[in-house]
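Coordinate analysis (summary)
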Amino acid sequence: MIQFTSIAQMLQGTDGLPLWEAILESDCRSQGISRETSLERMSRLLQAMEDARRDYDPQQRSASGLVGGDGGRMARYGEGDTLCGPFFTEVMACALTMGECNACMKRIVAAPTAGACGVLPAVLLPYARHFGASREELIRALYVASGFGMILAARASISGAEGGCQAEIGSASAMAAPAVVYLQGGTPEQMAHSCAMAVKNLLGLVCDPVGGLVEVPCVKRNVIGAMNALSAAQMALAGITSRIPPDQVLDAMAEVGRALPRSLRETGTGGLAATPFARERFPREL
Amino acid sequence: MNLFDILGPVMVGPSSSHTAGAVRIGLVARALLGQAPEEAQLLLHGSFASTGKGHGTYQALVAGLLGLAPDDARVPNSFALAQEQGLRFSFDTCQLRDAHPNSVLLHLRGREGRKLEVGASSVGGGRIRVFLLDGLPASFDGELPTLVVHNTDQPGCVSQVTGVLARQGINVAALQLNRGGRGGSAVMVLECDQPLPPSAAEEILTLPGILHVSVYTPDKEARL
């Protein structure tokens, strides 16, 4: 089997297998590794996500001092009555936690990038606790996520320098949405539409890191990536579809990424990075 | 591109290109030196120079030189570790021509006195590319077992080296050869499909005209 280059092709090429398993089998063949090796690697990635969350220290601060402590703030807020309810509050806390761990040089799992490392765990780990998914199901959900991620990388981009933040947080969100649809028992078509809707709703998001660092606004953008994934997943589960076919949405994402000016593609020279605050804080960088 | 290029690597943050890739550059440079480095001068170019400090690029490069993997929790503390292990290092910036924005030149001296110059770039997602060895152009990414042979530019070197590999059942995936001038020093880079056993490197070193042999073996597991 050749590697999937479109969502339509991936959905058609399952040979009767569940989608997660078709993705697993296809990757094993193309890499020449056994199913057991692949499953073991994926299990270690899940473990590394859980470890990162567990080892979070709300006292830690990033090198610049701009980032740290917000995961702890959100978790404390979650101990009382919250606006968004316990599940969404935990999702937001987990996204901040992982983003801060990354900014503070802790061990994380790039998913698909380090800057967007919080989105997938923020959706999956709280989901497991609130809805009771098993470890095995979470691993299968990660295969679904990476299957869609491969197509995002092939058709559009997963690099902020190339396609802006839509390629990083947007891609992470578009990987997390179908993973949740899978966990909720949705169909492959619903997974595809959740991916498309997640991309559409973050289309054009620029990469404008203050001082060129993976801190501001990157950490908090993990929150919108996770929340956007859940809303796209819920829309798909409700039977709502993307009017634009999913593959065409990814092509539009690629085109938008190419059209973004260089100043908004990870150069730290436009958008939030060009604000008076940022210029004052990082004069040499700009 | 495979699944684990999308999900993973497990790495110390904050940036796959500025941190994880920088560790890998250090690791490859250490392997190519073939001995523990005692002194390292690192010249940062482009985005490595301008945003490297905030991304932990400095600590990451030193960590790699010490043999730490990109997911080693000690990466942020590599400077202290370097002092313990007797590695002296200094940083400066440089401007390279036509180089990738995330590039570094490393001037290394090993415990046993060997000197080596390595130029390498971090090209995204933790992937790297070595573009310079001892002033000669090179181009390899460390994804395959890689044999680097420094030799005198004289007839027969390539055939003798590939002969040793052939006898050991090792397939060459890509081969580059560059020389400083006719009859001068040359560098051969052979990316191979099979792991390179120490016996192959030892045998190659006994051949006429061969000055130095080093082997880089990618640690795929560490990148996950």
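Parameters at a glance
- Residues numbered from 1 in each chain as written.
- Chains lettered and ligands numbered in written order.
- Predicted model: local features only at pLDDT ≥ 70, side-chain atom pairs only at ≥ 80, totals over all residues.
- Heavy atoms only, no water.
- Domains from an automatic or database assignment.
- Contact = heavy atoms within 4.5 Å.
- Buried area = accessible area lost by both parts, 1.4 Å probe.
- Salt bridge = Lys/Arg side-chain N within 4 Å of Asp/Glu carboxyl O.
- Polar contact = N/O pair within 3.5 Å; in protein donor to acceptor, adjacent residues only side chain to side chain.
- Helix = DSSP H or I, 4+ residues; strand = E, 2+ residues; numbered from the N terminus.
- Nonpolar A, V, L, I, M, F, W, Y, C, P; charged D, E, K, R; others polar.
- Pairing = 2+ DSSP bridges.

**Some details on the domain arrangement of chain B**
All names here are of chain B. Here the domain parsing of chain B yields domain 1 (3-133) and domain 2 (146-223). Taking the mean C-alpha position of each, domain 1 and domain 2 sit 23 Å from one another. Taken together, the contacts link 15 residues of domain 1 with ten residues of domain 2. For the domain 1 and domain 2 pair, buried surface summed over both sides reaches about 1,100 Å², with 60% attributable to carbon and sulfur atoms. Where domain 1 touches domain 2, the interface holds zero salt bridges. If you look at where domain 1 meets domain 2, you find three residue pairs in polar contact (both at pLDDT 80 or more). For the side of domain 1 that touches domain 2, the elements supplying multiple residues, two or more each, are helix H2 (16-33) and strand E6 (127-133). Considering each element in turn, the side of domain 1 that touches domain 2 owes the most residues, six residues, to H2. Broken down by class, the residue content of the side of domain 1 that touches domain 2 amounts to ten nonpolar, one polar and four charged.

**Details of the interface of chain A and chain B**
Counting residues at the interface gives 38 residues for chain A, matched by 26 residues for chain B. Taken together, both faces of the contact between chain A and chain B bury some 2,800 Å²; the carbon and sulfur share is 66%. The residue Arg107(A) makes a salt bridge to Asp71(B) at a minimum N-O spacing of 3.0 Å. Counting across the interface, chain A meets chain B through nine residue pairs in polar contact (both at pLDDT 80 or more). Of all elements in the fold, only helix H2 (19-31), helix H3 (35-54), helix H5 (85-103), strand E1 (107-109) and helix H7 (135-155) of chain A reach the threshold of two or more residues within the side of chain A that touches chain B. Here the side of chain A that touches chain B takes seven residues from H7(A), the largest share from any one element. Partitioned by chemical class, the residues of the side of chain A that touches chain B number 22 nonpolar, ten polar and six charged. Of the pairings in the sheet, the one linking E1(A) to strand E1 (residues 10-12) of chain B comprises three bridges and is antiparallel in character. Along E1(B), the bridge assignment pairs Ile108(A) with Met11(B).

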